[in-house]
Amino acid sequence: MSGTADKTFYLETFGCQMNVHDSEKVIGTLLQQGYRQVQTVDEAGLILYNTCSIRDKAEQKVFNRLNDYKKLRKQGKKFGVLGCVAQQEGDRIFEKAPHVDLVCGSASYRNLPQMLVQLETVQTGAGNRLTGLDDRQTDLCFETEYTARTNPHRGYITIIEGCDKFCAYCVVPFTRGKERSRTSGSVLAEARQLADLGYTEIQLLGQNVNSYRDPDEKMTFAELLAAVAEVRGMHRVRFTTSHPRDFGRDIVDVIDAIPALCDHVHLPVQSGSTRVLDAMQRLYTRDEYLERIAWIHSAKRDISITTDLIVGFPGETEREFEQTLSLLDEVGYDSAFTFKYSPRPNTPALKLDDAIPDEEKARRLALLNERQRQISARRNRRHLGEIVEAMVEGKNEARGQWIGRTSQIKVLNFTAPEGMQLKAASYVQVQVTNSFPNSLGGELKSTNIESSEQRVIQSSNQSFND
Ligand code: SAH
Ligand code: SF4
Ligand code: F3S
């Protein structure tokens with residue numbers, strides 16, 4: 001690759017939306033350095049993985065992937081590991097996957113340009129390995145000069161990085177470092193930039209987005225939400241992930257007050273048992289969590305609620321697991337992401353005996369998923385007959401259906417008169433005629449809501465399925 005005019009890279013992203021957005025920053029940086037993004041490993045000189053370490057499976061996936069392509073090293077291809085596994089494993093990655101040339105954690109991407117120059121000049125091989133992991137304790141959020149906006153309909157803005165909560169099971173405080181927020185001024189400037197690019201939907205990101213603290217002390221999180229939603233041209237503003245402990249009533253009030261804020265809150269609960277929540281160090285009880293849910297339920301708007309749940313945390317009894325099942329009924333989540341507990345390096349829960357066998361975790365997970373499926377089906381049925389606004393996210397040509405997304409973040413597949421062309425990222429009105437546990441179905445009613453102009457984004461990867 002070195003010395004050739006055509007510098008190509010392939011990038012695969014694992015993990016959460018923060019990683020997806022980090023990849024947009026990495027792509028922007030590489031494009032700026034004269035690289036060209038390609039869609040297959042075969043075409044690429046540089047192969048990058050932006051990795052996730054949240055559960056063991058996620059980490060193993062990365063090493064399997066690296067292993068699969070080991071032989072390509074002989075063709076002079078170079079390999080880089082970015083993101084959370086990079087931060088967690090550091091130099092150990094070179095032992096586990098000796099063909100890796102570059103290891104760079106998420107707080108060090110600002111050094112990527114120099115690292116890339118070094119990488120281009122060195123020959124592949126031991127002794128020439130590059131590591132960038134040093135900046136995790138920085139006071140700054142990671143911002144790059146260039147960001148490739150790869151999502152054609154949603155603009156991401158990181159408002160807070162890192163996590164100070166140290167939940168007993170979680171690796172994030174070790175991979176992402178301490179909590180640090182961006183100033184409200186810089187967040188608003190980025191929101192205006194996105195509006196200028198033609199984005200009408202913005203998602204504010206943070207591991208605990210609502211723990212946001214303006215370094216300039218000008219705005220609370222709820223005030224920042226309001227200010228972003230009032231940026232000219234903004235039609236939908238989302239935020240994720242909220243931590244229950246820092247979830248104030250002012251967030252619900254502001255959603256009620258400002259139409260551009262979406263009807264959706266993602267509020268991970270993890271368990272329905274106060275004893276387990278305490279062992280997880282989640283900093284709230286079941287009742288305190290339910291109090292926050294009551295605020296959301298009492299809103300004037302119909303706000304959908306989604307969550308994350310873990311089964312089989314060390315010591316979780318059958319009765320405690322049943323409390324999680326009963327919490328699902330009590331809250332009536334629109335949907336839930338469910339996981340088996342996975343022991344992670346450095347975390348406090350590692351000291352606990354992970355005595356619940358995998359089959360038992362799997363049994364609990366299946367029960368949980370089945371219960372949630374019924375609740376999601378019920379929650380979706382209530383939309384039947386409604387006319388709802390959907391943002392057009394793409395088209396499933398095989399099924400002849402358009403793919404839309406509601407303000408409540410539900411997928412709404414709909415039909416439109418044959419031959420009709422709908423613009424990506426425009427808004428339409430759809431009558432809901434079908435409901436399923438994981439999606440809605442409907443028919444186009446009208447296209448006359450403000451439709452955003454097609455924008456030009458610096459991207460070669462226009463994926464419709466984020
Ligand atoms: N900051 C967010 C969650 C980020 S991680 C919050 O506090 O809610 C996303 C989800 O992964 C978590 O909500 C949790 O449900 C799950 N998770 C994290 N660590 C895990 C582990 N060790 N095993 C299983 N699931 C885990
Ligand atoms: Fe992990 Fe807890 Fe921080 Fe969420 S709040 S990222 S679960 S430590
Ligand atoms: Fe995974 Fe890192 Fe996100 S561990 S979930 S990619 S913060």
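Being a predicted model, the structure only gives us computed values, none of them experimental. (Residues numbered from 1 in each chain as written. Chains lettered and ligands numbered in written order. Predicted model: local features only at pLDDT ≥ 70, side-chain atom pairs only at ≥ 80, totals over all residues. Heavy atoms only, no water.)

S.K.: I'd love a proper account of the site of ligand 1, names of residues and values included.
M.R.: Near ligand 1 you find 17 residues, and of these Y169, Q207, Q270, D308 and S342 are the closest. For ligand 1, an oxygen atom lies 3.2 Å from a polar atom in the side chain of R55. Within the side chain of R282, an N or O atom sits 3.1 Å from an oxygen atom of ligand 1. For ligand 1, the protein covers 91% of the area, taking 540 Å² as the surface of the free molecule. Classifying every residue of the shell around ligand 1 by side-chain character gives 6 nonpolar, 6 polar and 5 charged. (Near = heavy atom within 4 Å. Polar contact = N/O pair within 3.5 Å; in protein donor to acceptor, adjacent residues only side chain to side chain. Areas by Shrake-Rupley, 256 points an atom, 1.4 Å probe, with all protein chains shown as cover. Nonpolar A, V, L, I, M, F, W, Y, C, P; charged D, E, K, R; others polar.)

S.K.: I'd love a proper account of the side chain of S376, names of residues and values included.
M.R.: Positionally, S376 belongs in helix α13 (residues 358–381). Separated by 2.9 Å, the side chain of S376 and the backbone oxygen of D334 make a polar contact. Other than its neighbours up to four places away in sequence, S376 contacts Y333, D334, S335 and P437. (Helix = DSSP H or I, 4+ residues; strand = E, 2+ residues; numbered from the N terminus. Contact = heavy atoms within 4.5 Å.)

S.K.: Break down the state of the cysteines for me, with residues and values.
M.R.: Per the stated rule, a full pass over the model turns up 0 disulfides. Not engaged in a disulfide, the cysteine C104 finds its nearest cysteine sulfur in C84; these two sulfurs lie 12 Å apart. (Disulfide = S-S within 2.5 Å.)

S.K.: Break down the sheet that holds strand β13 (residues 304–311) for me, citing the residues and quoting the values.
M.R.: Taken together, 3 strands build an open sheet; the order of strands is β12-β13-β14 and the sheet is parallel. Two strands lie at the open edges of the sheet, namely β12 (264–266) and β14 (335–340), each paired on one side alone. Mean inter-strand twist for the sheet, computed between neighbouring axes without regard to direction, equals 15 degrees. Note that β12 and β13 share 3 bridges and pair parallel. What sits directly across from H264, in β13, is S304. (Pairing = 2+ DSSP bridges. Axes fitted to C-alpha atoms, helices over the stretch in contact; angles between N-to-C directions.)

S.K.: I'd like to hear about helix α1 (residues 17–32), residue by residue, with values.
M.R.: For the α-helix, the turn length of 3.6 residues means that residues three or four positions removed from each other point alike. Here α1 is 16 residues long and its end C-alpha atoms lie 23 Å apart, about the 22 Å a rise of 1.5 Å per residue gives. By the criterion of burial, α1 is predominantly enclosed, with 12 of the 16 residues buried. Buried residues of α1: M18, N19, H21, D22, S23, E24, K25, V26, I27, G28, T29 and L30, and no others. The first or second residue beyond α1 is G34, which carries a positive phi of 90 degrees. (Expected span 1.5 Å × (residues − 1). Buried < 20%, exposed > 50% of the residue type's maximum accessible area, 1.4 Å probe, protein only.)

S.K.: Give a detailed account of helix α7 (residues 184–197), specifying residues and quantitative values.
M.R.: With 14 residues, α7 ought to run about 20 Å at 1.5 Å a step, and its terminal C-alpha atoms sit 20 Å apart, in line with that. Considered for burial, the residues of α7 that qualify are S184, V187, L188, E190, A191, L194 and A195. With its buried residues spanning 160 degrees around the axis, α7 presents them on a single face. Among the exposed residues of α7, those pointing more than 90 degrees away from its buried face are Q193 and D196. One or two steps after α7, the chain reaches G198, where phi turns positive at roughly 105 degrees. (Arc of directions from axis to C-beta.)

S.K.: How would you explain the sheet that holds strand β17 (residues 411–415) if you had to name every residue and give the values?
M.R.: A barrel is described by the order of its strands in space; here 5 strands give the closed sequence β15-β16-β17-β19-β18, paired in mixed fashion. Averaged over all pairs of adjacent strands, the angle between strand axes in this sheet comes to 55 degrees, irrespective of strand direction. Where strand β16 (residues 401–406) and β17 come together, 4 bridges link them in antiparallel fashion. Bridge pairing in β17 links R405 to V411.

S.K.: Explain the pairing of β17 to me, using residue names and the numbers behind them.
M.R.: Following β16, the chain reverses through 4 residues before pairing antiparallel with β17; I409 in that reversal takes a positive phi of roughly 70 degrees. Pairing between β17 and strand β19 (residues 440–446): 4 bridges, direction parallel. From the neighbouring strand, T415 faces β19, where its bridge partner is E443.

S.K.: Provide a residue-level description of the packing of helix α11 (residues 286–297) against helix α12 (residues 318–331), including the pertinent values.
M.R.: Direction vectors running N to C along α11 and α12 enclose 15 degrees, while the axes themselves pass 11 Å from each other. When the interaxial angle is binned, α11 and α12 end up roughly parallel. Handedness of the crossing formed by α11 with α12: right-handed. On the side of α11, the interface is formed by R286, Y289, L290, I293 and H297, while α12 contributes Q323, S326, L327, E330 and V331. Class assignment of the residues belonging to the contact of α11 with α12 gives a composition of 5 nonpolar, 3 polar and 2 charged. (Parallel < 35°, antiparallel > 145°, perpendicular 65-115°, else oblique. Left-handed = near helix turned anticlockwise from the far one by under 90°.)

S.K.: If you had to explain the environment of T447 to someone new, which residues and values would you point to?
M.R.: Structurally, T447 can be placed in the segment after β19. Along the chain, T447 and S298 lie 149 residues apart, while their C-alpha atoms are 32 Å from each other. Ignoring any residue separated from it by four or fewer positions in sequence, one finds T447 in contact with M420, L422, Y427 and V428.

S.K.: Account for the domain arrangement of the protein chain, naming residues and giving values.
M.R.: When cut into domains, the protein chain gives domain 1 (7–132), domain 2 (155–381) and domain 3 (387–452). On a C-alpha basis, the centroid separation for the pair domain 1 and domain 3 is 37 Å. (Domains from an automatic or database assignment.)

S.K.: Describe in detail the confidence of the model for the protein chain, supporting the description with residues and values.
M.R.: In low-pLDDT regions, the fine details of the predicted coordinates are not to be read closely. For the protein chain, per-residue confidence averages 90 on the pLDDT scale, and residues scoring 70 or more make up 91% of the total. Note that residues 449–466 has pLDDT below 50 and, in this model, 54 contacts with residues that lie over four places away or in other chains. (pLDDT = per-residue confidence, 0-100.)

S.K.: Let's hear about the packing of aromatic side chains: which residues, and what values?
M.R.: Counted by the stated rule, this structure contains 7 aromatic pairs. Measuring from centroid to centroid gives 6.4 Å for Y169 and F313, while their planes differ by 80 degrees, and the two rings are edge-to-face. Highlighted residues: Y169 in the loop between β8 (160–161) and α6 (172–176) and F313 in the loop between β13 and α12, separated in sequence by 144 residues. One exposure class covers both Y169 and F313, and it is buried. (Phe/Tyr/Trp six-rings, centres within 6.5 Å; stacked < 30°, edge-to-face > 60°.)

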